[in-house]
Amino acid sequence: MSSQNQTLRTLLQPLMQDPPHLSSYAYAPIFQLLTGHNFSKLGQQIHAHMALRGIEPNSFVGAKMVAMYASSGDLDSAIVLFDRIINPSSLLFNSIIRAYTRYGFAEKTIGSYIRMHRLGLRADNFTFPFVLKSCVHLSSRWMGKCVHGQSLRIGLEFDLYVGTSMIDMYVKCGDISDAHKLFDIMPARDVSSWNALIAGYMKDGEVNVAVDLFERMPNRNIVSWTAMISGYTQNGLAEQALDLFDEMLQEGSEVKPNWVTVMSVLPACAHSAALERGRSIHNFASRIGLNSNSSVQTALVAMYAKCGSLVDAHHCFERIHHNEKSLIAWNTMITAYASHGCGMESVLTFEDMIRAGIQPDGITFLGLLSGCSHSGLVDVGLKYFHCMSVVYSVEPRVEHYACVVDLLGRAGRLVEAMELIDQMPMQAGPSIWGALLAACRNHRNLEFAEMAAKKLFVLEPDNSGNYVLLSNMYAEVGMWEEVNNLRAILKSQGMKKSPGGSWIEVNGKAHLFLGGDTSHPQAKEIYMLLEALPEKIKAAGYIPDTSFVLHDVSEEEKEYNLTTHSEKLAIAFGLLNTSPGVVLRVTKNLRICVDCHTATKFISKIYGREIIVRDVNRFHHFKDGSCSCRDYW
DNA sequence: TTAGGGTTAG
């Protein structure tokens, strides 16, 4: 910076002498030097200096000044200046186009491009990338195609930057085949062109094609690796994402992970609840100085929360500088509390956010309402729901209604939930009926359940879960004929009950168990422990709840089915393979059943263990014989 | 100048 100051001083010297007889060109290198360094005050002073001497910036200097203002966050001055210049050049237009794009004003970018065209000014290789980006912003493939045609006429289609931007445009406007066609005919491509195409295939879920491109590309940079890692994560392939991240690190110093890389790999830890992996990536980020990046910190909050450590999540949230706590950061924390059943903390965090002057959005309210729902704060939730539009200008969407149906439904206020559904301004979709059905199941209301299920059978005929749920309810009251009818439908349509699976991380390695699984090397020990368990916990007051077993079998058999639920297997494995006092963290792909929930409470007491179970909906913290959800989920 | 981006109910 000091050599830069030196240069600046040298440049400024002749200008300060009175009277200067310099053309406005002399100012150009100064503004260029000030660009990108947040020197807007100094820039303004020099601009004023010019004005005092009656020096009107020409188009060339104007372009530099527009860039300087835009880069220092002062778009308004950039626009005012642009409008004052009499003979605009392509360069000047490029500057303003770049500025508009940077601030997300896509329509303004397109408008300037059209104006430029009308004035007979040629667009060049610096114009098209931004115009194309704005087409993406407006998600207008039609406009993108027009711009493609114009670049073709000018002979710029095969410019590396223009070509890559075009691939990106086709990818993001949902036309991967056009993107690939263009890629194929480009006479020269660079690593960015490959990266853009890889990201496109990942976005479309064509993971294998992306992998193939990644393996074939002549050079890879950090963006290539990051695109692959985040692509895996987006497609639910958390293990592959983590493995590739490790592979990348083994490449040595060739590729240097940056904040985007770290941010892309963290959701993979969250997805597989790999707390130790997440922690080690956190340490890694700290070592390379990325732990003060607020986006990374936000991703860490989400990772820790999803891996079951609310304490670490909160710690990371607190570490984000007050001015850098974005809407996403607040939303992440509010949602984290909600998923752990800490509704009151969600509410308090929301109020902090409002005090901090952050405008909430739809996701904020989704977190807030689900927090209230999971904690039984029914009236608090209703209060927020009713004022979200009036006070905070956030229109409730169907997801919010689903949350409120859930809020009322969990509390057993099924009639009110039905009334809300009737009054909804939009069509009730699967989310609404699904929430109602789940509530009916918990409160054993067969009449409403049948109605909700009927709607769901039409709305999502392939979702086996709905059939299973209703079937379980019939089984509970001994309506075996109805049970068999539903099972016949399931069978005839080739639907399978999705298998329950749970996993547990021990010494940094995940162990997966399916219901009734005997394939694990330690299966014998696990089953021995589980078989002895009922007697042990029955002595402490446990009564098995067999109503959650689907099959029409004897009570004794049902009880055995219960002992082999996947979460029990995972917990047993954890008890066998960790030292006393170690917290067990189990993740399940379905909702935890009532019996497992009860049994786990007893296990936490008998074995003196804290057990944290993450099911598809939320977290349960078991300790000393009780659960954080207070049996309310 | 281009490519990779964290939060979303049941």
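Treat the numbers as computed from the prediction; the structure is a model and nothing was measured. (Residues numbered from 1 in each chain as written. Chains lettered and ligands numbered in written order. Predicted model: local features only at pLDDT ≥ 70, side-chain atom pairs only at ≥ 80, totals over all residues. Heavy atoms only, no water.)

Peer 1: Help me understand the overall build of chain A in this model?
Peer 2: Counting secondary structure elements, chain A contains 33 helices and six strands. The principal-axis extent of the C-alpha atoms belonging to chain A is close to 100 × 55 × 50 Å. A total of 633 residues make up chain A; the buried ones form 50% of that total. Counting only contacts in chain A whose residues sit at least 6 apart along the sequence, the fraction spanning at least 24 positions is 63%. Surface accessibility of chain A: about 30,000 Å² in total, with carbon and sulfur atoms responsible for 53%. Counting 57 positive and 63 negative side-chain charges, chain A places the centres of these two groups 5 Å from one another. (Helix = DSSP H or I, 4+ residues; strand = E, 2+ residues; numbered from the N terminus. Buried < 20%, exposed > 50% of the residue type's maximum accessible area, 1.4 Å probe, protein only. Contact = heavy atoms within 4.5 Å. Areas by Shrake-Rupley, 256 points an atom, 1.4 Å probe, with all protein chains shown as cover. Lys, Arg positive; Asp, Glu negative; His and termini not counted. Charge placed at Lys NZ, Arg CZ, Asp CG, Glu CD.)

Peer 1: Which parts of the structure should I look at to understand the side chain of K325?
Peer 2: Relative to the assigned elements, K325 resides in the loop between helix 19 (310-319) and helix 20 (327-339). E318 is the oppositely charged side chain nearest to the buried, salt-bridge-free K325, at an N-O distance of 4.5 Å. Here K325 is in contact with F317, I320, W330 and I358, once residues within four sequence places are set aside. (Salt bridge = Lys/Arg side-chain N within 4 Å of Asp/Glu carboxyl O.)

Peer 1: Before we go on, may I ask you to explain a negative patch on the surface in this structure?
Peer 2: Taken together, the side chains of E215, E239, D243, E247, E251 and E254 make up a negatively charged region of the molecular surface. It is helix 15 (residues 238-250) that provides the largest number of residues to the negative patch, a total of three residues. On the secondary structure map, E239 appears in helix 15. (Patch = residues over 30% accessible without salt bridge, like charges linked within 9 Å, V, L, I, M, F, W, Y side chains within 5 Å.)

Peer 1: Mind showing me how you'd approach the UniProt feature "repeat: PPR" (unreviewed entry) in chain A here?
Peer 2: UniProt tags residues 190-220, 221-255 and 326-360 as "repeat: PPR" (unreviewed entry). Taken end to end, residues 221-255 is 74% helix and 0% strand, and its first and last C-alpha atoms sit 6 Å apart. Between the end C-alpha atoms of residues 326-360 there is a gap of 10 Å, over a span that is 74% helix and 0% strand. (UniProt positions renumbered as here; feature names shortened; annotations may be inferred.)

Peer 1: Mind showing me how you'd approach the nonpolar core here?
Peer 2: Soluble, globular proteins show a tendency: their nonpolar side chains are buried together. Counting 156 residues, the largest nonpolar core has F31, I167, M228 and L436 as its most contacted members. Once you skip the residues sitting within four places of it in the chain, F31 turns out to touch G43, I46, H47, M50, V61, K64, M65 and M68. Counting 30 residues, the second largest nonpolar core, distinct from the first, contains L530, L569, I571 and F622. (Core = buried A, V, L, I, M, F, W, Y, C linked by side-chain atoms within 4.5 Å.)

Peer 1: Can you help me understand the side chain of T578 in this one?
Peer 2: Residue position: T578 is located in the loop between helix 32 (566-577) and strand 3 (584-588). Relative accessible area serves as the criterion here: at 18%, T578 is assigned to the buried category. Within the structure, the side chain of T578 is placed 2.7 Å from the backbone oxygen of G574, a separation counted as a polar contact. Side chain to side chain, T578 and R609 meet in a polar contact 2.8 Å long. (Polar contact = N/O pair within 3.5 Å; in protein donor to acceptor, adjacent residues only side chain to side chain.)

Peer 1: Any chance you could explain the protein's contact with DNA strand B here in plain terms?
Peer 2: As a structural note, the neighbourhood of DNA strand B is formed by 47 residues, with N125, N195, Q234, N258 and W259 the closest of them. Within 4 Å of the protein, atoms of DNA strand B come from sugar and phosphate in 47% of cases. Within the side chain of K306, an N or O atom sits 3.2 Å from a phosphate oxygen of DNA strand B. H374 places a polar side-chain atom, nitrogen or oxygen, 3.2 Å from a phosphate oxygen of DNA strand B. Per-element accounting of the surface near DNA strand B gives the leading share, six residues, to helix 14 (residues 222-234). Grouping the amino acids of the surface near DNA strand B by side-chain chemistry returns 18 nonpolar, 22 polar and seven charged. (Near = heavy atom within 4 Å. Nonpolar A, V, L, I, M, F, W, Y, C, P; charged D, E, K, R; others polar.)

Peer 1: In this structure, what is going on with the pattern of salt bridges? I would like to understand it.
Peer 2: Any two side chains of opposite charge can pair, on the condition that their charged atoms come close. Within the structure shown, the criterion is met by 18 salt bridges. Of the charged contacts in the structure, one is a salt bridge between E476 and R441, with a shortest N-O distance of 2.5 Å. Of this pair, E476 sits in helix 28 (residues 464-476) while R441 sits in helix 26 (residues 430-442); the two residues are 35 residues apart in sequence, bridging distant segments of the chain. Taking relative accessible area as the criterion, E476 reaches 23% and is therefore assigned partly exposed. The class for R441 is buried, based on a relative accessible area of 6%. We note a salt bridge from D595 to K568, for which the minimum N-O separation is 2.9 Å. Taken together, the residues D595 in helix 33 (residues 594-606) and K568 in helix 32 connect sequence positions 27 residues apart.

Peer 1: I tried to follow the domain arrangement of chain A on my own but got confused; where do I start?
Peer 2: By a widely used convention, the size of an interface equals the accessible area lost when the partners come together. Taken as a whole, chain A is organised into domain 1 (236-321) and domain 2 (501-627). For domain 1 and domain 2, the distance between their C-alpha centres works out to 29 Å. Taken together, the contact pairs 13 residues of domain 1 with nine residues of domain 2. Here domain 1 meets domain 2 over a buried area of about 750 Å², counting both sides, of which 45% is carbon and sulfur. In this assembly, domain 1 and domain 2 are joined by zero salt bridges. (Domains from an automatic or database assignment. Buried area = accessible area lost by both parts, 1.4 Å probe.)

Peer 1: Would you take a moment to explain the packing of aromatic side chains for this structure?
Peer 2: Between two aromatic rings, the relevant description is the distance of the centres plus the angle of the planes. The final tally for this structure, using the stated rule, is 14 aromatic pairs. Residues F183 and W194 carry aromatic rings whose centres are separated by 5.1 Å and whose planes lie at 85° to one another, so their mutual orientation is edge-to-face. Taken together, the positions of F183 in helix 11 (residues 176-185) and W194 in helix 12 (residues 191-203) put the pair eleven residues apart, joining distant regions of the chain. By relative accessible area, F183 is classed as buried at 2%. By relative accessible area, which is 9% here, W194 ends up buried. (Phe/Tyr/Trp six-rings, centres within 6.5 Å; stacked < 30°, edge-to-face > 60°.)

Peer 1: What is the right way to read helix 33 from this model?
Peer 2: Turn by turn, an α-helix covers 3.6 residues, leaving residues three or four places apart pointing in a common direction. Over its 13 residues, helix 33 extends 19 Å from the first C-alpha to the last, a length consistent with the 18 Å expected when each residue adds 1.5 Å. For helix 33, the full list of buried residues reads D595, C596, H597, A599, T600, K601, F602, I603 and S604. Where helix 33 terminates, the next one or two residues include G608, which has phi positive at roughly 60°. (Expected span 1.5 Å × (residues − 1).)

Peer 1: Looking at this structure, how should I read the packing of helix 11 against helix 12?
Peer 2: Packing of helix 11 against helix 12 leaves a shortest axis separation of 10 Å and a crossing angle of 155°. Put simply, helix 11 runs roughly antiparallel to helix 12. Between helix 11 and helix 12 lies a crossing whose hand is left-handed. Contact residues: I176, A179, H180 and F183 in helix 11; S193, W194, L197, G200 and Y201 in helix 12. (Axes fitted to C-alpha atoms, helices over the stretch in contact; angles between N-to-C directions. Parallel < 35°, antiparallel > 145°, perpendicular 65-115°, else oblique. Left-handed = near helix turned anticlockwise from the far one by under 90°.)

Peer 1: Mind showing me how you'd approach the sheet that holds strand 4 (residues 611-614) here?
Peer 2: Strand pairing in a sheet is mediated by backbone hydrogen bonds. Such pairs are either parallel or antiparallel. Judged by pairing direction, the sheet is mixed, and its six strands sit side by side in the order 2-1-3-4-5-6 without closing on themselves. Only two strands of the sheet have a single neighbouring strand rather than two, namely strand 2 (509-514) and strand 6 (626-627). Bridge count between strand 4 and strand 5 (residues 619-623): four bridges; the pairing is antiparallel. Along strand 5, the bridge assignment pairs I611 with F622. (Pairing = 2+ DSSP bridges.)

Peer 1: Would you mind going over unusual backbone geometry with me for this structure?
Peer 2: Only a minority of non-glycine residues have a phi that is not negative, and only a minority of peptide bonds are not trans. Of note, S393 is a non-glycine position whose phi angle comes to about 55°, a positive value. Given the relative accessible area of 59%, S393 is considered exposed. Residues other than glycine seldom take positive phi values, yet R444 does so here, at roughly 50°. Inspection of the secondary structure assignment puts R444 in the loop between helix 26 and helix 27 (446-459).

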